[in-house]
Amino acid sequence: NGAGKTTLMKIISGVIKPSKGQIFINGHDIDVLTDSERAKLVATVPQIVEFPTGFSAMDMVLMGRNPHLTLFQWPGRIDLNIAKNAMEMTGIWRLADRDISSLSGGERQRTVIAMAITQEANLMLLDEPSSNLDLSHQILIMDLIRDLQKRNAGATLITMHDLTLAALYCDRIIMLEEGKPYVVGRPLDVLNRENIVNVYGTDVIVTIHPKSGTPVVLPIPKSKKP
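Within any chain, residue numbers begin from 1 and follow the written order of that chain's sequence. Owing to the predicted nature of the model, reporting of local features is limited to residues with pLDDT of at least 70; listing and counting of side-chain atom pairs is limited to 80 or more, with chain, interface and lining totals taken over all residues. The side-chain values count all of the structure's non-hydrogen atoms but skip hydrogen atoms and water molecules.

If you look at the biggest cluster of nonpolar residues, it comprises 47 residues, and the most contacted ones within it are Met87, Ile117, Leu126, Met142, Met175 and Leu191. It is helix H5 (residues 105-119) that contributes the most residues to this core, six residues altogether. Any pair of residues with heavy atoms lying within 4.5 Å of one another is described as a contacting pair. For Leu126, the residues in contact, after removing those within four places along its chain, are Met9, Val45, Ile113, Ile145, Thr156, Leu157, Ile158 and Thr159. Core analysis: the second largest hydrophobic core is formed by 11 residues, Ile23, Ile30, Leu33 and Leu125 among them. Here the nonpolar core consists of buried residues drawn from Ala, Val, Leu, Ile, Met, Phe, Trp, Tyr and Cys, with membership extended through side-chain atoms lying within 4.5 Å. When accessible area is computed with a 1.4 Å probe and restricted to protein chains, residues below 20% of their type maximum are described as buried, those above 50% as exposed, and intermediate ones as partly exposed. In this description a helix means any DSSP run of H or I spanning at least four residues, a strand means any run of E spanning at least two, and both kinds are numbered starting from the N terminus.

Set out below in structure tokens:
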């Protein structure tokens, strides 16, 4: 907490400007792009979303098509099909006509993810995408994100507190400490006891997942230490 994960996301997405350096995506300096041009390159799923009132779940998901439409252009059949497919992939098509205010936290989370998928950007940024989801929907969303990344040959950057889940799905992990990378590499190289103790200040047991071969991080309650 407070290591700079969300700030990094906002810098990459162009919401805030870096104090130094530049951000390039597909060779484009995002600082000189229009909002619409930037939105075609980067889709963001923030940790906290302010939902407007009076909109259905489908209305929200269709907002992901805005970068691809002109100012006074209405979504067409292609846009509607893209939105429907995204809602089916995230398991919320049955909620299409529901008012966004009536949805649970997990359903809203999946709606925002569907909106980002509908945006069809090369880079997807997700800030704690599994935080409001139960176990089954965590796996559904993480499987979907990984499959989309492979299918579209794009890139996905995710912030996560769940180290075991990060190890299970991520190709590379950046462990941040006080706004700077502490270690970068494959999950097996990053998620070891020494790094976790140094960064988090808490002792853990790191074992190996019997099927995936990725690290599994088990916390040790202080009262149970040998």
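By definition, two strands form a pair when at least two bridges between them are found by DSSP. As paired elements, strand S6 (residues 173-177) and strand S7 (residues 180-185) share five bridges and run antiparallel to each other. Note that in S7 the partner of Met175 across the bridge is Val183. With antiparallel pairing between neighbouring strands as the criterion, S6 and S7 make up a hairpin whose turn holds two residues, including Glu178 at a positive phi of roughly 50°.

Salt bridges are defined by distance alone: a side-chain nitrogen of Lys or Arg within 4 Å of a carboxyl oxygen of Asp or Glu. This model, assessed by the stated rule, comprises eight salt bridges. Note that Lys17 and Asp31 form a salt bridge whose closest N and O atoms lie 3.7 Å from each other. Placement of Lys17 in the loop between helix H1 (5-13) and strand S1 (24-25) and of Asp31 in the loop between strand S2 (28-29) and helix H2 (35-41) is noted, with a sequence separation of 14 residues between them. Take Lys17: its relative accessible area is 63%, and that puts it in the exposed class. Note that Glu120 and Arg65 form a salt bridge whose closest N and O atoms lie 3.1 Å from each other.

Right, let's talk about the sheet that holds strand S4 (residues 123-127) for a bit. Spatially, three strands are ordered S3-S4-S5 in an open sheet, and the strand pairing comes out parallel. In this open sheet, the two edge strands, each paired with only one partner strand, are strand S3 (42-45) and strand S5 (155-159). Each adjacent strand pair in this sheet contributes to an overall mean axis angle of 10°, direction not counted. Sheet analysis places S4 next to S5, joined by five bridges and oriented parallel. Across the sheet, Leu123 pairs through a bridge with Ala155, a residue of S5. For every element, the axis is a line fit to its C-alpha atoms; helices are fit only across the contacting stretch, and the angle between N-to-C directions ranges from 0 to 180 degrees. Contacting S3 and S4, H5 runs over the sheet at an angle of about 180° to S3.

By themselves these figures say nothing about function.
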